[in-house]
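Below, each chain spelled out in residue letters.
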Amino acid sequence: MRTPCHSMLRSILLAGAALGLAAPAFAVTPAKAPAHPWLDRKLSADARAQALVHAMTQDEKLQLVRTWFPPNATGKPGAPTDMIPSAGQMTGVPRLGIPTLRESDASLGVANQVEQRKGDVATALPASLATAASFDPEIAYAGGAMIGSEARAKRFNVLLAGGVNLTRDPWGGRNFEYLGEDPLLAGVLDGAHIRGVQSNHIISTIKHYVLNSQETGRMVADARIGWPALHESDLLAFKIAMEKGQPASVMCAYNLINGDYACENHELLTTTLRGDWGYKGFVMSDWGAVHSTVKAANAGLDQESGAELDKMLYFDAPLREALTKGAVSESRLDEMATRVLTGIIESGLYDNPAPATVQPIDYAAHALVAQKAAEEGIVLLRNEGGALPLAAHAKRIVLIGGHADVGVLSGGGSSQVRSVGGVPVEIPLKSGPAASFARTTWHSSSPLKAIQALAPGADVSYVDGSDPAAAAAAAKAADIAIVFATQWRTEAEDVPNLTLPDDQDALIDAVATANAKTVVVVESGGAVLMPWLEKVPAVLAAWYPGQRGGEAIANILFGKVNPSGRLPLTFPAAEAQAPRPAPVNLAAIKADDAASNAGSAGGGSAIFPIDYPEGANAGYRWYQAKGEKPLFPFGYGLSYTHFSYSHLKVTGGRTLTISFDVTNSGKHSGADVPQVYVTPADKQQPSRLAAFQRVTLKPGETRHVTLTAERRILSGWDARTRGWHLAGGRYTVALSRAVGDAVLTADTVLTDQRFRP
Ligand code: BGC
């Protein structure tokens, strides 16, 4: 393990001398000493951090390894007096230029779910699933850069963003906060998002490390999976995102993995993260996810977050005591502080402190970033007989349900943004684990107004859908009916099944029976079942489309924007197709202390196992392996134009390279996402997405695309050598529109190879 005195020995010692610290006998000539080596930007972040730590007292180091939870800490002895109501705050060390860390959630914008900062608003991006559906790293980057700039302007310097847990269960409560089920897609887009956030010289997390795949009992669930399978799936998504995004911090999850809590899991925090991956930033816990002092510190946890939410302040007095007794070494404390500081320096925060006062924000410009993300992420799932785009000459259009007169739905929990424009509808929860901190909230972005603006000559009206008979009558009297179906998801709870709640299936059925020209717009945090699918000509998956979702949906419906989203996760035809057809232990946890699920460790639920026998075959690979035909496969999405592929050329050897032409052979400009799936030619094995590229083309235009397959996607994790093994042999490459929908295929031979992580 690295100690503070290895690479930077010389300048650290000199720094100590400059500050009047006891100079060791072997110190080198003071004449060459830079006074404050941590200010030397030519040194590595790690080296500067080590120099800072050498200049710190133990009390100062201890300040860095815990953060306060402002709502509970206010007024507590020793608590900072300058806290912003938010997720967390770490006390800085002004004499050394170490900033106070102010932490806010999350990936969708600067969160403020219970309006802790009265009247404060921020720009709300669409759900991360929508960003994933764009298959566009530039959109992910732009969104990250935008929300990061708002965080900074609001004086936050840590954004708890970067959620990248793979969707293993279609009913996961937080699936909307993540980037789908595929490690390559999720990793590439999460990395771009994190890079965008950190382009503002603030810290982004990547979270929740790892396998926090269901919300039910998230604080007591013990995720059981083989380590190689974990490396080939969820860990791979983290690794790819970390390479691309360089997050300054990793947030460890609530759950246990193979018997140890994530935040005291040595295999994950030290062997994998520090050892295999050489990560130099810091590990912060999730809020209420710490269960020990000595075990957690020695396993690799560097910072206890929102410590007031844990059963005790593990990294406060108990850590002090453990240091006195030698149960945690001083060098480990140095290492913890060094990693926090490395993150602070590496992200640029140390050299570019966040402003001392709130700065103005260009909300109008930021709204356009949110709108573009929504427009690229909406997926056209069905379009029979060219039902869409809607004709500009439609005379009577009725919108039904989903509060489409005033807004669009958002997902709940710590990622909730109270967006610019206010909250037109907000429904408090009556009970359940999320009730203490989540409300069902709509953003003020009216599909009704947006559609009226695009169809000025038409009579566009709204009925709320609470009475299916009235809705059907209104649909009958209209040329076109558009049903806005909603499925709300939130942190801390899973949806019990994939059926649209509140009998919306019956509503859609009644409307479709009354009017054959019925379009369904689904606002959801993941897959839903669609028993009425054959009865309606057109369906859009709009996810939670963010604060300009109404405009984005209208633009897609009327063809001002050509839909280009592709599903980042499978929509199963029935829950029974999924690896686990329902949240594990739902009944038992519901009966238990709800608090155990809502961010405080005070619950009393017993630890229970969740087995992940699908291993690395998460998502579409599971469906392939089981021969199940889903409702809509991963990668699927339609366009108003048509794309064709030709001239596929594949070369093997050590690197798999794929080149081909994409032509827009239809009549509209649009974007396509050619996808490359690879599988060993001689084995019945599910295929994996090894490369993809979003391509925007005018009608008649052709683009030559060359892609390189991600090697790790083609490889297995060798636990013995702690490295990758790509088994040499023949592989089949399928250039596809979606998984299982190959347009062109070719075989090639790859060289047997082993490589480091
Ligand atoms: C969530 C994290 C979040 C933290 C701070 C936790 O409940 O799991 O994603 O960053 O709270 O709000």
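Scroll up a little and you will see the structure.
Here is what the cut-offs are and how they apply
- Residues numbered from 1 in each chain as written.
- Predicted model: local features only at pLDDT ≥ 70, side-chain atom pairs only at ≥ 80, totals over all residues.
- Heavy atoms only, no water.
- Helix = DSSP H or I, 4+ residues; strand = E, 2+ residues; numbered from the N terminus.
- Buried < 20%, exposed > 50% of the residue type's maximum accessible area, 1.4 Å probe, protein only.
- Contact = heavy atoms within 4.5 Å.
- Areas by Shrake-Rupley, 256 points an atom, 1.4 Å probe, with all protein chains shown as cover.
- 1 Å grid on protein atoms, 1.4 Å probe; cavity = no way out; pocket = protein on both sides within 12 Å on 5 of 7 lines; lining within 4 Å.
- Points joined across faces, edges and corners; volume = space filled by probe spheres on them.
- Nonpolar A, V, L, I, M, F, W, Y, C, P; charged D, E, K, R; others polar.
- Pairing = 2+ DSSP bridges.
- Near = heavy atom within 4 Å.
- Polar contact = N/O pair within 3.5 Å; in protein donor to acceptor, adjacent residues only side chain to side chain.
- Disulfide = S-S within 2.5 Å.
- Expected span 1.5 Å × (residues − 1).
- Core = buried A, V, L, I, M, F, W, Y, C linked by side-chain atoms within 4.5 Å.
- Phe/Tyr/Trp six-rings, centres within 6.5 Å; stacked < 30°, edge-to-face > 60°.
- Lys NZ or Arg CZ within 6 Å of the ring centre and 35° of its normal.
- Arc of directions from axis to C-beta.
- Axes fitted to C-alpha atoms, helices over the stretch in contact; angles between N-to-C directions.

J.: Can you walk me through the overall build of the chain in this structure?
T.: Counting its secondary structure elements, the chain contains 20 helices and 31 strands. When the backbone C-alpha atoms are referred to their principal axes, the chain occupies close to 90 × 60 × 50 Å. Residues classed as buried in the chain amount to 63% of the 757 residues present. Relative to all contacts within the chain whose residues are 6 or more apart in sequence, the contacts with residues 24 or more apart total 75%. A total accessible area of about 25600 Å² is found for the chain, and carbon and sulfur atoms account for 54% of it.

J.: How do you make sense of empty space enclosed by the protein when you look at a structure like this?
T.: Rolled over the atoms, a probe as big as a water molecule pinpoints where empty space is left. Per the stated rule, a full pass over the model turns up seven cavities of 30 Å³ or more. Residue lining of the largest cavity: T167, R168, P170, N175, E181, A527, L569, T570, P579, G619, W622 and Y623, and that is the complete set. Residue composition of the lining of the largest cavity, by class: six nonpolar, four polar and two charged.

J.: When you look at unusual backbone geometry in this model, what are you seeing that I'm missing?
T.: The bulk of non-glycine residues show a negative phi, and the bulk of peptide bonds are trans. With omega at 0 degrees, the peptide bond leading from Y209 into V210 counts as cis. With respect to the secondary-structure elements, V210 resides in the loop between strand 4 (203-209) and strand 5 (221-224). Backbone geometry at R155 places phi at a positive 80 degrees, although glycine is not the residue there. Mapping R155 onto the fold places it in the loop between helix 6 (137-153) and strand 3 (158-160). Residue N258 is not a glycine yet carries a positive backbone phi of 50 degrees. Counting through the fold element by element, N258 comes out in the loop between strand 7 (256-257) and strand 8 (260-261).

J.: Is there a simple way to think about the sheet that holds strand 5 in this case?
T.: In sheet architecture, strand pairing relies on hydrogen bonds along the backbone and comes in two forms, parallel and antiparallel. Read from one edge to the other, the open sheet built from four strands follows the order 8-7-5-19, with strand pairing classed as mixed. A strand with exactly one partner marks an edge of an open sheet, and here the two such strands are strand 8 and strand 19 (608-611). As judged from the two bridges shared by strand 7 and strand 8, these two strands associate in the antiparallel manner. Looking at the pairing, L256 lines up with Y261 of strand 8.

J.: What is the right way to read the layout of surface pockets from this model?
T.: Counted as a void, the largest pocket has a volume near 1100 Å³. In terms of lining residues, the largest pocket is bounded by 42 residues, among which T486, W488, P501, D502 and Q504 are the most central. When its residues are assigned to classes, the lining of the largest pocket shows 17 nonpolar, 16 polar and nine charged.

J.: Teacher, can you tell me more about the site of the ligand here?
T.: In the vicinity of the ligand there are 13 residues, among which D105, R174, H208, D286 and E491 approach most closely. In the environment of the ligand, an oxygen atom lies 2.5 Å from a nitrogen or oxygen atom belonging to the side chain of D105. Take Y254: an N or O atom from its side chain is 2.8 Å from an oxygen atom of the ligand. Protein chains bury 94% of the 310 Å² of accessible surface belonging to the ligand in isolation.

J.: How should the state of the cysteines be read in this particular structure?
T.: Here a disulfide denotes a covalent bond joining the sulfur atom of one cysteine to the sulfur atom of another. Inspection of every chain in the model, using the stated rule, returns one disulfide. Each sulfur of the disulfide joining C252 and C263 lies 2.1 Å from the other. Judged by the torsion about the S-S bond (110 degrees), the C252/C263 disulfide is right-handed. Highlighted residues: C252 in strand 6 (residues 249-252) and C263 in the loop between strand 8 and helix 10 (266-276), separated in sequence by 11 residues.

J.: Before we go on, may I ask you to explain the side chain of R332 in this structure?
T.: Within the fold, R332 resides in helix 13 (residues 330-346). Setting aside anything within four residues of it in sequence, one finds R332 in contact with A297, N298, G300, L301, D302 and R339.

J.: How should I be thinking about helix 13 in this particular structure?
T.: Compared with an ideal rise of 1.5 Å per residue, which puts 17 residues at 24 Å, helix 13 spans 24 Å between its outermost C-alpha atoms and is within 8% of the ideal. In terms of burial, helix 13 is largely enclosed, as 14 of its 17 residues are buried. Immediately beyond the C-terminal end of helix 13, within one or two residues, lies G348, with a positive phi of roughly 95 degrees.

J.: What is the right way to read the pairing of strand 30 (residues 741-750) from this model?
T.: Sheet faces and side chains relate simply in a regular strand, where the side chains alternate between the two faces. By the bridge criterion, nine bridges tie strand 29 (residues 729-738) to strand 30 in an arrangement that is antiparallel. Residue pairing across strands places V733 opposite A746, the latter belonging to strand 30.

J.: Would you mind going over the nonpolar core with me for this structure?
T.: In this structure, I98, Y209, L319 and I344 are the most contacted members of the largest nonpolar core, which totals 130 residues. Residue contacts for Y209: discarding those within four places in its chain leaves L235, F238, V250, M251, C252, A253, A262, L268, L269, T272, L273 and W277.

J.: Can you help me understand the pairing of strand 15 (residues 459-463) in this one?
T.: Burial along strand 15 is one-sided: the residues V460 and Y462 are buried and none of D459, S461 and V463 is. Where strand 11 (residues 396-400) and strand 15 come together, five bridges link them in parallel fashion. Across the sheet, I397 pairs through a bridge with V460, a residue of strand 15.

J.: What exactly am I supposed to notice about the packing of aromatic side chains here?
T.: Describing an aromatic ring pair means giving the distance of the ring centres and the angle of the ring planes. Counting across every chain of the model gives 12 aromatic pairs. With a centroid separation of 5.4 Å and 85 degrees between ring planes, the pair formed by F135 and F692 is classed as edge-to-face. Of this pair, F135 sits in the loop between helix 5 (128-133) and helix 6 while F692 is found in strand 24 (residues 688-692), placing the two residues 557 residues apart along the sequence. Note on accessibility: F135 and F692 belong to one class, buried. The interplanar angle of 90 degrees and the centroid separation of 5.9 Å between the aromatic rings of Y620 and Y677 together place this pair among those described as edge-to-face. With Y620 in helix 20 (residues 620-626) and Y677 in strand 23 (residues 675-680), the pair connects residues that are 57 residues apart, well separated along the chain. Of the two residues, Y620 and Y677, both sit in the buried class. Directly above the aromatic system of F755 lies the positively charged group of R711, at a separation of 3.6 Å from the ring centroid.

J.: Even after reading the chapter, I still don't get helix 16 (residues 468-476), so can you show me in this structure?
T.: Each α-helix turn comprises 3.6 residues. Residues three or four places apart therefore point the same way. Of the residues making up helix 16, those classed as buried are A471, A472 and A475. Along helix 16, the residues classed as buried sweep out an arc of 100 degrees about the axis, all on the same side. Pointing more than 90 degrees away from the buried face of helix 16 are the exposed residues A469 and K476. Taking the backbone nitrogen of A469 as reference, a side-chain oxygen 3.0 Å away marks D467 as the first, capping residue of helix 16.

J.: Sorry if this is basic, but what is going on with the sheet that holds strand 9 (residues 282-285) here?
T.: Across the sheet, six strands lie side by side as 1-2-3-4-6-9; this open sheet has mixed pairing. At either end of the open sheet lies a strand with only one pairing partner, and these are strand 1 (88-90) and strand 9. Ignoring which end each strand starts from, the neighbouring axes of this sheet average 25 degrees apart. Relative to strand 4, strand 3 runs parallel, the two sharing two bridges. Considered in strand 4, the bridge of V158 is made with I203. Running at roughly 170 degrees to strand 4, helix 9 (residues 234-245) makes contact with strand 4 and strand 6 of the sheet.

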